[in-house]
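# Secondary and tertiary structure notes
Residues per chain, in single letters:
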Amino acid sequence: MAVEFGDTQRSLSETLTGMIAAIRGNTITLRQLMIEIGEQGFLLLCALLTLPFLIPVSIPGVSTVFGAAIILISLAITLNRLPWLPKRILDREIETEKLVPTLRKGAALVSKLDRYVRPRLNFLTEGTLMNRFNGLMIMAGGVLLMFPLGLIPLSNTLPGIAILLLSVGIIQRDGLMVAGGYLFLVATTIYLAVLGYAAFAAGQGLSHFFVS
C-alpha cells in the first residue's frame, strides 16, 4: 500500500501539542503514539520523535528506540510503502513522567518555526526522486541519532534538528527547511568525525606515554 503525505491543515506546533496532550498513563509505547497520530502521517511522527533531543535532557533508551523507528519510517518514505516496525520497538514502554514534559518543551521550541515555514524551493520537496532522496536523508539522521553518545553534548541534538527540519520541510513543502536539514546532517557528520579523531589521538598519546 502506498503512503500519502498530504499537507497538514494546522500548524506543526498545534498538531504536535494536540498529540502530546492525548498521552495518558504512566508509560507509553511507540505503537500508542502511532495510533494517536493516525492519518496525520508518519512524517509528523518523525517530527514528534525528535522533540526529546532538542533540549539537554537524557531519557534512557529513547535515542535507540526513536532512532530505530525513524530509520524504519524513513525507509517506508523512500520506498513509498507503509512502514513495518518490529514488536520489540513498537511495544517498548517509556515513562511518560519524563517523556511528556520533554515533548512539551520541544514543541515549544518548534512553535518558533511556524512563522518562518512556507512553500518555497519546491524542487527540493516535489517528485519521486526527491521524495526518495529526502527519505534517505532522514534515515541517515536516524542512524546518527542511534549512536551511543548520549552523554556527549550535541551528539543527539544535531541529528534531531536535521530530522525535524527535513520532516517539517517535506510536510509544508518548504525547500529551505529541507536544505537546513541537509546542513545539519553535514554538521553532525563533521562533529562526530572530529570527536572520533580526538578520541583516537588521545588514545595514541596515552599509548605512547605508557610505552615510553
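For the structure given in this document, a descriptive report is provided here. Values in this document were obtained by computation on a predicted structure and should not be read as measured data.

Reading guide: rules and limits
- Residues numbered from 1 in each chain as written.
- Predicted model: local features only at pLDDT ≥ 70, side-chain atom pairs only at ≥ 80, totals over all residues.
- Heavy atoms only, no water.
- Helix = DSSP H or I, 4+ residues; strand = E, 2+ residues; numbered from the N terminus.
- Contact = heavy atoms within 4.5 Å.
- Areas by Shrake-Rupley, 256 points an atom, 1.4 Å probe, with all protein chains shown as cover.
- Expected span 1.5 Å × (residues − 1).
- Buried < 20%, exposed > 50% of the residue type's maximum accessible area, 1.4 Å probe, protein only.
- Phe/Tyr/Trp six-rings, centres within 6.5 Å; stacked < 30°, edge-to-face > 60°.
- Salt bridge = Lys/Arg side-chain N within 4 Å of Asp/Glu carboxyl O.
- Patch = residues over 30% accessible without salt bridge, like charges linked within 9 Å, V, L, I, M, F, W, Y side chains within 5 Å.
- Axes fitted to C-alpha atoms, helices over the stretch in contact; angles between N-to-C directions.
- Parallel < 35°, antiparallel > 145°, perpendicular 65-115°, else oblique.
- Left-handed = near helix turned anticlockwise from the far one by under 90°.
- Nonpolar A, V, L, I, M, F, W, Y, C, P; charged D, E, K, R; others polar.
- Polar contact = N/O pair within 3.5 Å; in protein donor to acceptor, adjacent residues only side chain to side chain.

## Some remarks on the overall build of the protein chain
Helix and strand counts for the protein chain stand at nine helices and two strands. Helices and strands in the protein chain line up, N terminus first, as α-β-α-α-α-α-β-α-α-α-α. Sequence separation of at least 24 residues holds for 76% of the intrachain contacts in the protein chain that already meet a minimum separation of 6. Counting only carbon and sulfur atoms, one obtains 64% of the accessible surface of the protein chain, whose full area is about 11,300 Å².

## A closer look at helix α4 (residues 62–79)
Along its 18 residues, α4 runs 26 Å from first to last C-alpha, staying within 8% of the 26 Å computed at 1.5 Å per residue. Burial analysis of α4 places 14 of its 18 residues in the buried class, the great majority of the element. Positive backbone phi, at 55 degrees, marks Asn 80, one or two positions downstream of α4.

## Focus on unusual backbone geometry
We note that Leu 121 has phi near 45 degrees; this positive angle belongs to a residue other than glycine. For Leu 121, a relative accessible area of 39% gives the class partly exposed. Phi angles above zero are rare outside glycine, and Arg 173 is one such case at about 60 degrees. Tracing the chain through its elements places Arg 173 in the loop between α8 (157–172) and α9 (175–211).

## Re the packing of aromatic side chains
Within this structure, the stated rule accounts for one aromatic pair. Measuring from centroid to centroid gives 5.6 Å for Phe 133 and Tyr 182, while their planes differ by 75 degrees, and the two rings are edge-to-face. A residue pair is termed long-range when its members are at least 10 positions apart, and Phe 133 in helix α7 (residues 128–146) and Tyr 182 in helix α9 qualify at 49 residues. A relative accessible area of 17% places Tyr 182 in the buried class.

## Looking at the pattern of salt bridges
All told, the structure shown has one salt bridge when counted by the stated rule. Here Arg 120 ties to Asp 174 by a salt bridge, and the two come within 2.8 Å at their closest N and O atoms. In this pair, Arg 120 sits in the loop between α6 (96–110) and α7 while Asp 174 sits in the loop between α8 and α9, placing the two residues 54 residues apart along the sequence. A residue is classified by how much of its surface remains accessible, and Asp 174, at 0% relative accessible area, is buried.

## Side note on a nonpolar patch on the surface
On the surface, Leu 121, Phe 123 and Leu 176 cluster together into a nonpolar patch covering about 300 Å² of accessible area. Tracing the backbone through its elements, the reader meets Leu 176 in helix α9. Residue classification places Leu 176 among the partly exposed positions, given a relative accessible area of 43%.

## A short note on the packing of helix α3 (residues 42–50) against α8
Helix-helix packing: each pair is described by the crossing angle between the helix axes and the interaxial distance. Put simply, α3 and α8 touch, their axes get as near as 9 Å, and they point 150 degrees apart. Between α3 and α8, the crossing angle belongs to the class labelled roughly antiparallel. α8 is crossed by α3, and the crossing has left-handed handedness. Taking contact as the criterion, the partners of Leu 43, Leu 44, Cys 46, Ala 47 and Thr 50 in α3 are, on α8, Gly 160, Ile 163, Leu 164, Ser 167, Ile 170 and Ile 171. Of the residues belonging to the contact of α3 with α8, the class tally is eight nonpolar, three polar and no charged.

## Some thoughts on the side chain of Asn 134
As for its position among the elements, Asn 134 is in helix α7. From its side chain, Asn 134 meets the backbone oxygen of Leu 124 in a polar contact 2.9 Å long. The residues contacting Asn 134, other than those within four sequence positions of it, are Leu 124, Thr 125, Ile 170, Val 178 and Tyr 182.

## Some details on the side chain of Arg 120
With a relative accessible area of 19%, Arg 120 lands in the buried category. From its side chain, Arg 120 meets the backbone oxygen of Tyr 116 in a polar contact 2.6 Å long. At a separation of 2.8 Å, a polar atom in the side chain of Arg 120 contacts the side chain of Asp 174. In this structure Arg 120 touches Arg 173, Asp 174, Gly 175 and Leu 176, once residues within four positions along its chain are discounted.

Geometry only, nothing functional implied.
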